[in-house]
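Understanding the architecture of this molecule
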Amino acid sequence: MALMFFNGGAMRGEPLHHLLDGSPFVAVADTAPKYRFYAVGDQCPALYPVSHGGAAVTGEVYDVSLDALRDKVLPAEPHELELGVVELADGSSAFAMLLRRPYTSHVALRDITAIGDWRAFKASA
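Overview of the structure. Here, residues in each chain are numbered from 1, in the same order as that chain's written sequence. The model is predicted, so local features are restricted to residues of pLDDT at least 70 and side-chain atom pairs to those at 80 or more, both for listing and for counting; the totals for chains, interfaces and linings are taken over all residues. Water and hydrogen atoms play no part in the side-chain values, which are based on all heavy atoms of the structure.

Moving on, we get to the nonpolar core. Each nonpolar core is a collection of buried residues, namely Ala, Val, Leu, Ile, Met, Phe, Trp, Tyr and Cys, held together in the definition by side-chain atoms within 4.5 Å. Burial classification: accessible surface area is computed with a 1.4 Å probe over protein chains only, and a residue below 20% of its type maximum counts as buried, one above 50% as exposed, and the rest as partly exposed. Of all hydrophobic cores here, the largest spans 17 residues; its most connected members are Met4, Phe6, Leu20, Val64 and Val73. The element best represented in this core is helix H1 (residues 66-76), accounting for 3 residues. Beyond its immediate chain neighbours, meaning those up to four positions away, Val64 contacts Met1, Ala2, Met4, Phe6, Leu20, Ser23 and Leu69. Each helix corresponds to a stretch of at least 4 residues labelled H or I by DSSP, and each strand to a stretch of at least 2 residues labelled E; elements are numbered beginning at the N terminus. We call two residues in contact whenever any of their non-hydrogen atoms come within 4.5 Å of each other.

Spelled out as structure tokens, the structure:
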């Protein structure tokens, strides 16, 4: 099992939450303030680590099996994202989906760092 931070469509009440069926919910959590937060084509969120100018992003942590990560979660992610590790506000680490580096997609990015929460962004759009 591996801790995974989700900040978009796989959170509770969101359309991809079924991918986590059987994965125990651990906590609502924030990242450390080390990330820029983007809406990828206004369809999904993406974290991008930075050395300065970052902010905390809200999400949920689940204990996901590596099989579920391989078979369910990763195949559902857009190609603009890649698996990485983030620092949470409490100093611990978790897997998360990050903006692919280098970013080569034609899909537009919108910086939503000031909002810091995917659900709040969707509600404001």
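Picking up where we left off.
Attention shifts here to the pattern of salt bridges. Just to be clear on terms, a salt bridge is a Lys or Arg side-chain nitrogen sitting within 4 Å of an Asp or Glu carboxyl oxygen. Tallied over the entire structure, the rule returns 11 salt bridges. Arg100 is the partner of Glu82 in a salt bridge, and the nearest nitrogen-oxygen pair spans 3.6 Å. Of this pair, Glu82 sits in strand S6 (residues 81-87) while Arg100 is found in the loop between strand S7 (93-99) and strand S8 (109-111), placing the two residues 18 residues apart along the sequence. Here the salt bridges share partners, and the residues they tie into one network are Arg12, Glu14, Glu60, Arg119 and Lys122.

Quick look at the side chain of Ser23 now. Inspection of the secondary structure puts Ser23 in the loop between strand S1 (2-6) and strand S2 (25-30). Discounting chain neighbours no more than four positions away, the residues touching Ser23 are Tyr62, Asp63 and Val64.

It is worth spelling out the pairing of strand S3 (residues 35-40) at this point. For S3, the buried fraction is high: 5 of the 6 residues fall into the buried class. Note: two strands are recorded as paired if DSSP finds a minimum of 2 bridges between them. Pairing analysis gives 6 bridges linking S3 to strand S4 (residues 44-49), with the strands arranged antiparallel. Along S4, the bridge assignment pairs Arg36 with Tyr48. Turn length for the S3-S4 hairpin, with the two strands adjacent in sequence and antiparallel, is 3 residues, and the turn residue Gly41 shows positive phi of about 60°. Taken together, the 3 bridges between S3 and S8 define a ladder with antiparallel strand orientation. Within S8, the residue paired with Ala39 across the bridge is Arg110.

We call Phe, Tyr and Trp rings a pair once their centres come within 6.5 Å, taking the six-membered ring for Trp, and we label the pair stacked below 30 degrees between planes, edge-to-face above 60, and tilted otherwise. As enumerated under the stated definition, the model contains 3 aromatic pairs in all. With centroids separated by 5.9 Å and ring planes inclined at 70°, the aromatic side chains of Phe6 and Tyr62 adopt a geometry described as edge-to-face. Of this pair, Phe6 sits in strand S1 while Tyr62 is found in strand S5 (residues 58-64), placing the two residues 56 residues apart along the sequence. Pair check on accessibility: Phe6 and Tyr62 agree, each one buried. With a centroid separation of 5.3 Å and an interplanar angle of 35°, the aromatic rings of Trp118 and Phe121 are classed as tilted. With Trp118 and Phe121 both in helix H2 (residues 118-124), this residue pair falls 3 residues apart, about one helical turn. Grouping residues by exposure puts Trp118 and Phe121 together as buried. What links up through ring pairs into an aromatic cluster is the set Phe6, Phe25 and Tyr62. Positioned above the aromatic ring of Phe25, the side-chain terminus of Arg12 is 4.1 Å from the ring centre. Placement of a charge over a ring requires the Lys NZ or Arg CZ to be within 6 Å of the ring centre, with the centre-to-atom vector within 35 degrees of the ring normal.

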